[in-house]
Every structure is written in C-alpha cells, then in structure tokens.
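Analysis of the macromolecular model
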Amino acid sequence: MTRPLSPEVLIPAERIQQRVRELAEQIGASVPVDTELAVLVILKGAFIFAADLIRALPCRTRIGFMEIHKDPERPGRADFVFTHPFPMEGADVLVVEDILDTGHTLDHLLSRLAARRPQRLRTVVLLDKKPRREIPVLPEFIG
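Notes on the structure in this doc start here. None of the values given here were measured: they were computed from a predicted structure. (Residues numbered from 1 in each chain as written. Predicted model: local features only at pLDDT ≥ 70, side-chain atom pairs only at ≥ 80, totals over all residues. Heavy atoms only, no water.)

Description of unusual backbone geometry
Let me state the cut-off plainly: Counting from the N terminus, the helices are DSSP H or I runs at least four residues long and the strands are E runs at least two residues long. Summary of the burial criterion: residues with accessible area below 20% of their type's maximum are buried, those above 50% are exposed, and those between are partly exposed, where the area comes from a 1.4 Å probe applied to protein chains only.
Following L43, the chain continues into K44 via a peptide bond in cis, with omega recorded as 5 degrees. When you line up the elements, K44 lands in the loop between strand 1 (37–43) and helix 2 (47–56). One non-glycine residue, D34, adopts positive backbone phi at about 65 degrees. Assignment of secondary structure puts D34 in the loop between helix 1 (13–29) and strand 1. Phi is positive for R117, close to 60 degrees, though the residue is something other than glycine. Among the structural elements, R117 can be located in the loop between helix 3 (104–114) and strand 5 (120–128). Judged by its relative accessible area of 57%, R117 falls in the exposed class.

Below, the structure is given as structure tokens:
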C-alpha cells in the first residue's frame, strides 16, 4: 500500500527557481569563454531540474542523458546506460543529479566517467542529504 503524498510544501517553488538561477550563474562563471559545457543528465529524476538549469546557463551546452539501473543484489553498484551519449574525452562535463543521498551511486558513476578522460568532471545536485552520506562525495554545486 502506498502512502498518500503530504500536502506540506518543504521548499516553495519560487525559492527553488531562484536557487536554480543562482546555480546557473555560478556554473556559467566557471566555464571558460568559447568552451562548450557537456551536460550529462541523470534520468529520470533530474530531467526537470536539468531543463530549468540548462535554460538559465549563460554558456553553450551539449546534452546527454544517462539512466542508472540499481541492482538490489549489489548495494552501491549500478549499471549505467547512456541513452544519448556524447564524446567525453577532453570535454568539460557537468553531471546533473536530483538527490545526493548515500553517495554510493554517484561515487561509482564519477569513477566510471573519469576513466573516459574528460578535461573536467563536476557535479551539480538539487538536494544534498548529508546526514545519510556513507561515501564522501562532494558535489561542486549544491542547490
């Protein structure tokens, strides 16, 4: 049996949109002029956050998508499926995730992506659940 959703609003939509605009400014300021930012969106949870963020970015972007399939038999491990890949070697890559929880999946993902030799690999998360962290993962940008 599923629980009904609580009508309680924890973070007002206006505050989220303001923070997304602030993140876009911070990220944009960190991208060198004439550099294309390769944005890798983790589906399905981050797609709305990513859409709002990408629209607000002041730099050129290319977008790829990835699905993460978690295996309950292998905690902390997952299979990664690039649904719209792009070359990563030498790219300035920004991984967009909705929620950072224990850190297991993001840590595993970042190590796999680093093997593709991007010039720079950074992460942005909308929500960071620090009290639940089991692996020390620190995103560069936090909503």
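Regarding helix 3
Residues separated by three or four positions in an α-helix point in the same direction, a consequence of the helix having 3.6 residues per turn. Filter applied, for reference: A contact between two residues is defined here by any heavy atoms of the two lying within 4.5 Å.
Taken as a whole, helix 3 has its buried residues at T105, L106, H108, L109, L110 and L113. Looking at the buried side of helix 3, the elements it contacts are strand 1, strand 2 (61–70), strand 3 (78–84), strand 4 (92–100) and strand 5.

None of the figures reported here should be taken as evidence of function without further support.
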